[in-house]
Structures are given as C-alpha cells and as structure tokens.
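# Notes for the structure review
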Amino acid sequence: MENQSNILKYKHLGIYTQNENVVYMHENCHVCASEGFEALTRIRISTATDSIVASLNVISSNLLLTDEIGLSDAAAKKLNVSPNETLYVSHLEPIKSLSHVRAKIYNQKLDYLAYNEIITDIVQGNYSNIDLTAFITACAGNRMDLDEITYLTKAMIASGMQLHWNKEIVVDKHCIGGLPGNRTTPLVVAIVTAFGLTMPKTSSRAITSPAGTADTMEVFTNVTLSPEKIKEVVHKEGGCIVWGGTAQLSR
C-alpha cells in the first residue's frame, strides 16, 4: 500500500450487485494503465486497515474521474468506506487453496486442512465465480468419500457463527425445494413447535423458483434477523423461520 501510484479516491456510485464485490475504474485511470488491469480482472482493494477482492468493471463515461474509484454497495459495506476516502489498488496475490481445487479436479482425496483453506478463501471472497464453479464441479458426482464429506461439513460449520440452544432435542427439516407453492416449512415449523420442540429453521431465498421459502414468509413477517434476534424469537416461541443468508452461520 506504500505505492503512491496505486492510490485512488473513493466515489459512492450506489450500484447494487447483491453480494458480489465489484470495483469500477475509468478506462483512462493511471492505475489501470500502469498495472495492466482489464475488465473482469480480479484485484485487491484496501483501506489502511482492511481489504477485499473484487472484479473490475471499466467505465468509459464521465461517471468516474480518472483518479476516482467506485465500489458496488456490497463491496463498500464490507470495507466500510466513506466518500473521498483513500483506497489502495493492487494485483491479487496467488490463492494457495486453489491448488487443492486442482488436486480435487484430478480426483485426489483432500484432508480437513485442505477443505478448511478452501472454505476460508470462499468466505473471504477470494474466489471468483469460475473458481467456485470449478470446486463444486470437482466435488460433484460421488467424487467425495465419507471422510471428505465430513471434512467439508466441519469446515463449513467452523466458517460461520454457531448458535447453541441448550436443549436435549433440536429439530430441523429440509426438502429439495425448487417448486412454486410447495410451502411445507411454515406448516411443519408451526406444528412441531406447538408440540414443544425447538425448531430454529433457516430457509433460502429464490434460486430457480419464483420465490424461495424466505421470500414467501417475508410477505407475512420480517425474515432478516440477526443471530441475537433469532435467539430471542426461538426462546419466546420455540422456533423461527428466517433467511439463512443473514444469520452468519455456516457459509
């Protein structure tokens, strides 16, 4: 970050990309020219205290000046930046855990440490969509034995916050989903908790269907709850139906 030629001034653009980290720079930006950055290059953006990895989009209009840099709302939130704040731009260093992905592509067995390094990099946003696709494809089609499934599961659990309920029995349900109108979760959670069991249910938003369970429930009530609020609701009602993406649990 000591290279003064790689310093740009942050400008808020108000661009929503869901959870995707995207960085915007002018095509005549001196950093693009000196570092050889092109559209879709994965680069590291840093403040004095933190950094993220983002995909570059190149602007040719006057939306940005040549000494300015923009971020998607998701990226700006993760860096906690303010307008006119100084940002540092650099090449993305080699991601060591991708060597484990390559090993898995060639059908090698991975240990817990390898899966933990992969999941850590995914959670930190270091993987591109192509990297994620490669990892998922390498693991699909019965290419993982029981040990590897266990290692991956433990790594995913360790990557997020864990909630403990201090109950002898905590129940859950899961269905394949993807079918519009098959809203079994609200019925099951209501019945199960009415019988006194504890059921802290997290659900997903839409992936392929018109609406996910969390989207449907959001018509009736707030499903974007913090871990603290989830604990409060479950303690009072015995269960909940919340969007899993906001709970910061397994990533």
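What follows concerns the overall build of the protein. When helices and strands are counted, the protein shows nine helices and eight strands. Projecting the C-alpha coordinates of the protein onto the three principal axes gives extents of approximately 65 × 45 × 35 Å. Going through the 251 residues of the protein one by one, you find that 38% of them count as buried. Considering only residue pairs separated by 6 or more positions, the protein has 70% of its internal contacts joining residues 24 or more positions apart. A total of about 14800 Å² of accessible surface is found on the protein, and carbon and sulfur atoms cover 54% of it.

Looking now at the pairing of strand 4 (residues 51-59). Two strands pair when backbone bridges link them, and strand 2 (residues 22-26) and strand 4 are joined in this way by five bridges, in the parallel orientation. In the strand pairing of strand 4, Y24 is matched with N57. Between strand 3 (residues 42-46) and strand 4, which follow one another and run antiparallel, lie four residues.

This paragraph deals with the environment of I149. The topology assignment puts I149 in helix 6 (residues 146-159). Take I149: its relative accessible area is 43%, and that puts it in the partly exposed class. Taking C-alpha positions, I149 is 9.6 Å from Y112, a pair spaced 37 residues apart along the chain.

In the structure shown here, the tally under the stated rule is one aromatic pair. One Lys or Arg, R205, reaches over the ring of W243 and ends 4.5 Å from the middle of that ring.

Inspection of the entire model under this criterion finds seven salt bridges. Across the pair E218 and R205 runs a salt bridge whose closest N-O atoms are separated by 2.9 Å. On the criterion of sequence distance, the pair formed by E218 in the loop between helix 8 (213-217) and helix 9 (227-237) and R205 in the loop between strand 7 (199-203) and helix 8 is long-range, its members being 13 residues apart. On the accessibility criterion, E218 (36% relative accessible area) is partly exposed. If you follow the salt bridges from partner to partner, you end up with K109, D145 and D147 in one network.

Calculation criteria
Residues numbered from 1 in each chain as written. Predicted model: local features only at pLDDT ≥ 70, side-chain atom pairs only at ≥ 80, totals over all residues. Heavy atoms only, no water. Helix = DSSP H or I, 4+ residues; strand = E, 2+ residues; numbered from the N terminus. Buried < 20%, exposed > 50% of the residue type's maximum accessible area, 1.4 Å probe, protein only. Contact = heavy atoms within 4.5 Å. Areas by Shrake-Rupley, 256 points an atom, 1.4 Å probe, with all protein chains shown as cover. Pairing = 2+ DSSP bridges. Phe/Tyr/Trp six-rings, centres within 6.5 Å; stacked < 30°, edge-to-face > 60°. Lys NZ or Arg CZ within 6 Å of the ring centre and 35° of its normal. Salt bridge = Lys/Arg side-chain N within 4 Å of Asp/Glu carboxyl O.

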